[in-house]
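# Commentary on secondary and tertiary structure
The chain contents come next:
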Amino acid sequence: MFYFLQANCEAMGSWVFNNSTDCSVKEFIIFGFPSLQNFQVALFGTFLSIYLLTITGNGMIFLLTNLDHKLQTPMYFFVSQLSFLDLSYTTVTIPKMLAKFLVNSSTVSFSGCMLQMYLYISLTAAECFLLAVMSFDRYYAICQPLFYTTRMTRDFCICLSMSAWIGGFFAPLITTVLASRLPFCGNNVIHHYYCDHPPLLQLAGTDTSFNVIVGSSFGAFVIISSFSLVLFSYGKILSCIIKMNSPEGRRKAFSTCTSHLIVVNIFFLPLIFMYIRPTASYSPDVDSLVPVLYSVLTPMMNPVIYTLRNKDIKEALKRKLNLSQIVSS
């Protein structure tokens, strides 16, 4: 997916993703994990396994929630959107990383790097907004069940989903354009496993304070607003759970909310560390390892936490498997 987008967008995007100074780097070298350079084969096997699990889990959830008529509910509509997002932004980064580990294919063009950075940050921002929307949906389902079906209509759900996608793709536009106008001279080695904003700013041959301020401001708006809504919604949900009369119902609901909150925290807290900070320079080891939590592990965990333990999903999978057996026989 990333290579297709890169090939089609490099030419027409070169006027935007181009350095306005005489000192212009034509390509970047993706260095990967600085402290793990001697473990390329092990890293390839590990990340290939994670990527295959992510593609399989999220792909299955996306197909099931769209093909099974019993899963045509607001909750599963948003889950399908989450699965598609996870499929998209892992595909933007991991295939290039695997090529680096396997055959040391580590170069990426200037416009390709900017494109990868923009797509990755856009999809990540869209996921922030979507997780907030999903927490809002769960709040209405648990705390306002009498109004749930009348308010969470299909048109309203589509509107919320489109808002998350549009907001995500608008959020990093200014940050990416500003980064593309920086002078990159000499050093073109990105100490990261994909093109990202903080490590890219470290290579600029000028003061990047303004870029850091703009990037941190947009990051703070997207991440803090989304995370705050998630925490507020789950706080309300937990208060409703405590008031439930059934101990068994309380136990199940609390277990589900706890697992959701764990995944949400694994996603948001590293994002806060990476994108809301007063400087663009920390340890390369830290800057390359921390994003693994939200860019690699969370997309793999989401299908398990949100759906694969769910009875409705298991029954839908059984129905599809039985149908395929009948057709084949």
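Residues numbered from 1 in each chain as written. Predicted model: local features only at pLDDT ≥ 70, side-chain atom pairs only at ≥ 80, totals over all residues. Heavy atoms only, no water.

### Examining the overall build of the protein chain
Looking only at helices and strands, the protein chain features 13 helices and 3 strands. Counting over 329 residues, the protein chain shows a buried share of 50%. Pairs at least 24 apart in sequence give 83% of the contacts found in the protein chain among residues at least 6 apart. Counting every atom, the protein chain has about 15,400 Å² of accessible surface; 68% of that belongs to carbon and sulfur. (Helix = DSSP H or I, 4+ residues; strand = E, 2+ residues; numbered from the N terminus. Buried < 20%, exposed > 50% of the residue type's maximum accessible area, 1.4 Å probe, protein only. Contact = heavy atoms within 4.5 Å. Areas by Shrake-Rupley, 256 points an atom, 1.4 Å probe, with all protein chains shown as cover.)

### Quick word on the state of the cysteines
Taken as a whole, this structure holds 2 disulfides when the rule is applied. The residue that forms a disulfide with cysteine 113 is cysteine 195, at a sulfur-sulfur distance of 2.1 Å. Measuring the twist about the S-S bond at about -120 degrees, one finds the cysteine 113-cysteine 195 disulfide to be left-handed. Here cysteine 113 is found in helix α4 (residues 110–143), whereas its partner cysteine 195 is found in the loop between β3 (189–190) and α8 (197–201), with 82 residues between them in sequence. The residues cysteine 113 and cysteine 195 share a single accessibility class, namely buried. A sulfur-sulfur separation of 2.5 Å characterises the disulfide bridge that pairs cysteine 143 with cysteine 240. (Disulfide = S-S within 2.5 Å.)

### So, the pattern of salt bridges
According to the stated counting rule, one finds 1 salt bridge in the structure shown. The partner of arginine 138 in a salt bridge is aspartate 137, and the shortest N-O contact between them spans 3.0 Å. According to the relative accessible area criterion, arginine 138 is buried, its value standing at 18%. (Salt bridge = Lys/Arg side-chain N within 4 Å of Asp/Glu carboxyl O.)

### Remarks on the confidence of the model for the protein chain
Here the protein chain averages 83 in pLDDT, while 88% of its residues score no lower than 70. The lowest-confidence element of the protein chain is helix α1 (residues 2–13), averaging 44 in pLDDT; the highest-confidence one is helix α6 (residues 154–170), averaging 95. (pLDDT = per-residue confidence, 0-100.)

### Here we look at the pairing of strand β1 (residues 27–30)
Along any regular strand, the residues point their side chains to alternate faces of the sheet. Every second residue of β1 is oriented toward a common face, the buried set being Phe28 and Ile30 and the non-buried set Glu27 and Ile29. Where β1 lies against strand β2 (residues 107–109), 3 bridges are found, and the strand directions are antiparallel. Across the sheet, the residue bridging to isoleucine 29 is threonine 107, located in β2. (Pairing = 2+ DSSP bridges.)

### With respect to the nonpolar core
Formed by 89 residues in total, the largest nonpolar core has its most connected members in Phe28, Phe47, Phe78, Phe184, Phe268 and Tyr275. Setting aside residues up to four positions removed in sequence, phenylalanine 28 forms contacts with Ser106, Thr107, Val108, Phe110, Cys113, Phe184, Asn188, Ile190, Leu200 and Leu203. (Core = buried A, V, L, I, M, F, W, Y, C linked by side-chain atoms within 4.5 Å.)

### Overview of the sheet that holds β3
Read from one edge of the open sheet, 3 strands run β2-β1-β3, paired in mixed fashion. Looking at strand neighbours, the two that pair on one side only are β2 and β3, the edges of this open sheet. Bridge count between β1 and β3: 2 bridges; the pairing is parallel. Paired with isoleucine 30 across the bridge in β3 is isoleucine 190. Running over the sheet, α4 touches β1, β2 and β3 and is turned about 90 degrees from β2. (Axes fitted to C-alpha atoms, helices over the stretch in contact; angles between N-to-C directions.)

### Digging into the packing of aromatic side chains
Under the criterion given, the structure shown has 20 aromatic pairs. A centroid spacing of 5.5 Å and a plane angle of 90 degrees characterise the contact between phenylalanine 28 and phenylalanine 184, whose relative ring orientation is edge-to-face. Taken together, the positions of phenylalanine 28 in strand β1 and phenylalanine 184 in the loop between α7 (173–180) and β3 put the pair 156 residues apart, joining distant regions of the chain. Where phenylalanine 84 meets tryptophan 165, the ring centres are 5.9 Å apart and the plane angle is 50 degrees; that geometry is what we call tilted. Of this pair, phenylalanine 84 sits in helix α3 (residues 74–103) while tryptophan 165 sits in helix α6, and the two are 81 residues apart along the sequence. (Phe/Tyr/Trp six-rings, centres within 6.5 Å; stacked < 30°, edge-to-face > 60°.)

### Observations regarding a nonpolar patch on the surface
A grouping of Ile158, Met162, Ile166, Phe170, Leu173, Ile174 and Phe218 is seen on the molecular surface, where their side chains present a nonpolar patch of about 630 Å² in accessible area. Only α6 and α7 provide two or more residues apiece to the nonpolar patch. Here the nonpolar patch gets 4 residues from one element, more than from any other, and that element is α6. Summarising the element assignment, phenylalanine 170 is placed in helix α6. (Patch = residues over 30% accessible without salt bridge, like charges linked within 9 Å, V, L, I, M, F, W, Y side chains within 5 Å.)

### Brief notes about α7
An α-helix turns once every 3.6 residues. As a result, residues three or four positions apart point the same way. Looking at α7, one finds that the buried residues are Thr175, Thr176, Ala179 and Ser180. Burial along α7 is one-sided: seen end-on, the buried residues are contained in an arc of 130 degrees. For α7, the elements touching its buried residues are α4, α8 and α9 (209–242). (Arc of directions from axis to C-beta.)

### So, the packing of α3 against α6
For the pair α3 and α6, interaxial distance at closest approach is 10 Å and the crossing angle is 25 degrees. Compared by their axis directions, α3 and α6 come out roughly parallel. The element α3 and its partner α6 pack so that their crossing is right-handed. Side by side, α3 and α6 meet where Pro74, Phe77, Phe78, Gln81, Phe84 and Leu85 of the first sit next to Arg154, Cys157, Ile158, Leu160, Ser161 and Trp165 of the second. Each residue belonging to the contact of α3 with α6 can be placed in one class, and the counts come to 9 nonpolar, 2 polar and 1 charged. (Parallel < 35°, antiparallel > 145°, perpendicular 65-115°, else oblique. Left-handed = near helix turned anticlockwise from the far one by under 90°. Nonpolar A, V, L, I, M, F, W, Y, C, P; charged D, E, K, R; others polar.)

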